[in-house]
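Here's the letter readout for the chains.
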Amino acid sequence: MAEAADFQGTSPSPARRWLRRTGALFAGAPLLAGLLQLPAAAPTHAAGQDSLKAASGSGTVAVAVDSLTPTVPGEGDTLTVSGTVTNKGKQAVTDAQVDLLLGPALNTRSEIDTVAERTDYQAGTDGSPVGGKYVKEFSKLTPGVAQRFSISVPVDKLDLGGDGVYQFSVSLSGETSARPWEQVLGIQRTFLPWQPDGADTKTRTTVLWPLVSTAHMTAQTGSNEEQTPVFRDDALAAEISAGGRLQQLVSLGKELDVTWVIDPDLLASVDAMTESYRVQGEGDTTTAGAHREVARQWLVELQEAVRDKEVVALPFADPDVASLAHNGTNVTGSLSHLKEATDVAADTVDSVLHVQPTTDFAWPVNGAVDPSIVKVATSAGADKLIARSDSLVETGGLPYTPSAARPIGGGTTAVVADARMSTLFQGNLTRASSSTLTVQRFLAQSLALNLQVDKQRNIVVAPQRMPTASQAQAMAEAVKALQGGTWSESQELTAAAAATPDSGATTKVPAPSAYPSSLRKQELPRAAFEQIATTQDKLDKFKVILSKESRVVTPFGRAMNREMSTSWRGRSGEAADYRNGIEAYIDSLAGQVTLIEKSDTKLSGRSATIPVTVQNNLVQGVEHLVLRLTSENPRRLEINGDRYYEQPVEVSGGHSQTVKFTTSAQANGQAAVVAQLFTEDGQPYGAPVTFDVKVTEFTATVMLVIGGGFLLLVLAGFRMYTQRKRAAAREAERDASQEASETDGDPENPEGPEDRLTPEDLLEEESVTRTRADAPEQQSDPTPDTPAESADPSGTGERVDR
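Residues numbered from 1 in each chain as written. Predicted model: local features only at pLDDT ≥ 70, side-chain atom pairs only at ≥ 80, totals over all residues. Heavy atoms only, no water.

### Quick look at the overall build of the protein chain
Now for step 1: Each helix and strand in the protein chain was counted, giving 22 helices and 30 strands.
Now for step 2: For the protein chain, the proportion of its 802 residues judged to be buried stands at 45%.
Now for step 3: Counting contacts in the protein chain only where the partners sit at least 6 residues apart, residues at least 24 apart contribute 77% of the total.
Now for step 4: Counting every atom, the protein chain has about 39100 Å² of accessible surface; 50% of that belongs to carbon and sulfur. (Helix = DSSP H or I, 4+ residues; strand = E, 2+ residues; numbered from the N terminus. Buried < 20%, exposed > 50% of the residue type's maximum accessible area, 1.4 Å probe, protein only. Contact = heavy atoms within 4.5 Å. Areas by Shrake-Rupley, 256 points an atom, 1.4 Å probe, with all protein chains shown as cover.)

Shown next as structure tokens:
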């Protein structure tokens, strides 16, 4: 091929120059070996080692292949390779040249992996240069400065043989002042898939296109009728905005024939953003969300993208089934949350995207499974698991990659994704060179798989759950090239799961000990599931008193689904903060229905009513509550004739209600009274209120004495009245006698001394009356009707109704 690359009237071809330089190197080897044997030649020996290291592609010059088009060349195409070379050393490289090297065809998938992992140049193994005019020369490469190159070569000049995957490299050769001979100073390997004609048997390839995000919504909602949702942050807006991760996935995915795998929580969150929503700020503050139009536009684009495409709905919020299987099954209620998340998935997707999704697939993290994961995943109704071939490792010695479907018992099918192709897009693909190499390696693995055997197989590609924007772009480029190639055809996931499995493929689920320790360290701990159970218990006690429980049950139910999300892996601190926030919020809501504190109460008399007030600061009414008032000393104070008494309570939102209890005193003294709210099923609700009642009892004897005293007052008043009336009558009679005496002039008939009331008599009578009133009290006297007046200030206490 080097000879064919020489042209008349040109200088010797780079290929021939390459051979000459290599020959010169080998010719000088004996001399160099002799020098190495001299004692004084230690520095030369070191220099020789450095030279050989450099010659083997030590990376003195970094070669980056930024683009290779077309990714899958055909007959008559021109292959264009572009990129940069950067001198990473401290000395300038002179007489530099970029060459294209075509290596041998690679026969197995493992050979592709081996070539991709090599970094040093290996003469012979890395192939021969294309040569001719298909080179790029640089007179000098300055340290740290990148130089661009672009080489175009007709495919027919490559002398490609039969169908297969060819090693294809770009190398940089040159010399430095410290190593003044030609050598390969840098190399970058990639792959060239070659199948110009359509394959007799094409691989049916299913590519999953995931739309999954982290938890963004809280359980908090507004008090208005629309229940304005509250978001943890506004990060979702960035993801769905132009150039964002989720926007890129939708924009790229709509051009591909893929199976969409969607978390319904993502749809519910974006749908909530299309209306009024708020975002948590510092403390308890919230601010109005400002990305309604962005959310609406993203949903419209997604609706168009999934039209007539297969949509697989994960359980709501994508619960971590592996964490649940390993740490949550012994916690009461954990499995019920998974069932709820599965039940609402289809309705959520249908209401937002207007498509009916498939809901019978479970997707454990990284497709890693063990018997407990299978059991938990299928407990919610899924009968298919998306696993991966590095978990269900082949043990049957098959010489080819088997189809994805595997019956693993109990009517469950494991759809085993190809690990090599599924994990290629997990690295940092922000640089064009990394993306290009990944795309070519993906295509090479797919073609090598198809060439393994003349048998049609069903292969699934399941990339990571949340690819970045750059990873999504590389995925889209690879899938587009694959679907435009000649050896693969698209297939939906349900069809791959229903395909006839290979008889020799592994169907045994690995033991729990085989589960990767790196994944186990990222799982939600048992304490997380216990806290979720505690929150659920508080919600159950709270919802029974609500007149509109759906306003609370629905947002809290979905929030607890989010607490179990796979997205918390690797973010244990944030996961704990989210759980704490949900539990604190249910506590704050339950605390809005409470008893008003009471001060000590004074009870005067035999019976009275004690008021207790229930305050409801919720926006909705509460019902199904009873208020119980209990006397801690029923011998002294009874509540409605017993130790305690209950009354039903219903309070409208934002109002309070005062409940009155009839009490009766049995003896003087102090009695403790406890007020407590209960639900109708007898469960205490909220904190009790305790206060003291001081009893001052008026007995029947006291009342009799008071009545007797009042009677004496009446009799005394009557006596005074009669005495005054008699005195007035005598005065009138005396005046009449005097007038008659003066008229008749008869002095012999004056008024007798026994009938006359002289002033001395009146004074004597008044003195007697006063003496009796001031006389000391005798033992037979009645008890006073009122107690002696005290000069002390009156005691504090709450008035009661009598």
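Now that the structure is up, let's keep going.
### Description of a negative patch on the surface
Now for step 1: A contiguous patch of negative charge, built from E225, E226, D271 and E275, is present on the exposed surface.
Now for step 2: Here E225 falls in the exposed class, since its relative accessible area comes to 61%. (Patch = residues over 30% accessible without salt bridge, like charges linked within 9 Å, V, L, I, M, F, W, Y side chains within 5 Å. Salt bridge = Lys/Arg side-chain N within 4 Å of Asp/Glu carboxyl O. Lys, Arg positive; Asp, Glu negative; His and termini not counted. Charge placed at Lys NZ, Arg CZ, Asp CG, Glu CD.)

### Topic: the environment of T342
Now for step 1: Residue position: T342 is located in helix α10 (residues 334–343).
Now for step 2: Not counting residues within four places of it along the chain, the set of residues in contact with T342 comprises P315, T359 and A380.
Now for step 3: Looking at T342, its side chain comes within polar contact range of the main-chain oxygen of L338, at 3.0 Å. (Polar contact = N/O pair within 3.5 Å; in protein donor to acceptor, adjacent residues only side chain to side chain.)

### So, the sheet that holds strand β28 (residues 656–665)
Strands in a sheet are paired, the pairing made by backbone hydrogen bonds, and the direction either parallel or antiparallel.
Now for step 1: With respect to topology, 4 strands assemble into an open sheet ordered β22-β24-β28-β26, the strand pairing being antiparallel. The sheet is open, and its two edges are formed by β22 (593–595) and β26 (637–639), each paired on a single side. Taken pair by pair, the neighbouring strands of this sheet meet at an average axis angle of 30 degrees, ignoring direction.
Now for step 2: Direction of pairing for β26 relative to β28: antiparallel, over a ladder of 3 bridges. Paired with I639 across the strands is T663, a residue of β28. (Pairing = 2+ DSSP bridges. Axes fitted to C-alpha atoms, helices over the stretch in contact; angles between N-to-C directions.)

### Describing the packing of aromatic side chains
Here a ring pair, both rings aromatic, is described through the centre-centre distance and the interplanar angle of the planes.
Now for step 1: Under the definition given, this model contains 5 aromatic pairs.
Now for step 2: Relative to Y277, the ring of F231 lies with its centre 5.2 Å away and its plane at 65 degrees, an arrangement referred to as edge-to-face. A residue pair is termed long-range when its members are at least 10 positions apart, and F231 in strand β11 (residues 229–231) and Y277 in the loop between α7 (264–273) and β13 (278–280) qualify at 46 residues.
Now for step 3: Taking the centre distance of 5.6 Å and the plane angle of 15 degrees together, the rings of F556 and Y585 count as stacked. Placement of the pair is F556 in helix α19 (residues 550–563) and Y585 in helix α20 (residues 572–590), with a sequence separation of 29 residues.
Now for step 4: F556 sits in the buried class, given a relative accessible area of 1%. (Phe/Tyr/Trp six-rings, centres within 6.5 Å; stacked < 30°, edge-to-face > 60°.)

### Here's the deal with the confidence of the model for the protein chain
Now for step 1: On average, residues of the protein chain score 85 in pLDDT, and 83% of them reach the 70 mark or higher.
Now for step 2: The low-confidence segment residues 1–57, where pLDDT is below 50, has 60 contacts with residues more than four positions distant or belonging to other chains.
Now for step 3: pLDDT under 50 marks residues 745–802. Its contacts with residues more than four places away, or in other chains, come to 41 contacts. (pLDDT = per-residue confidence, 0-100.)

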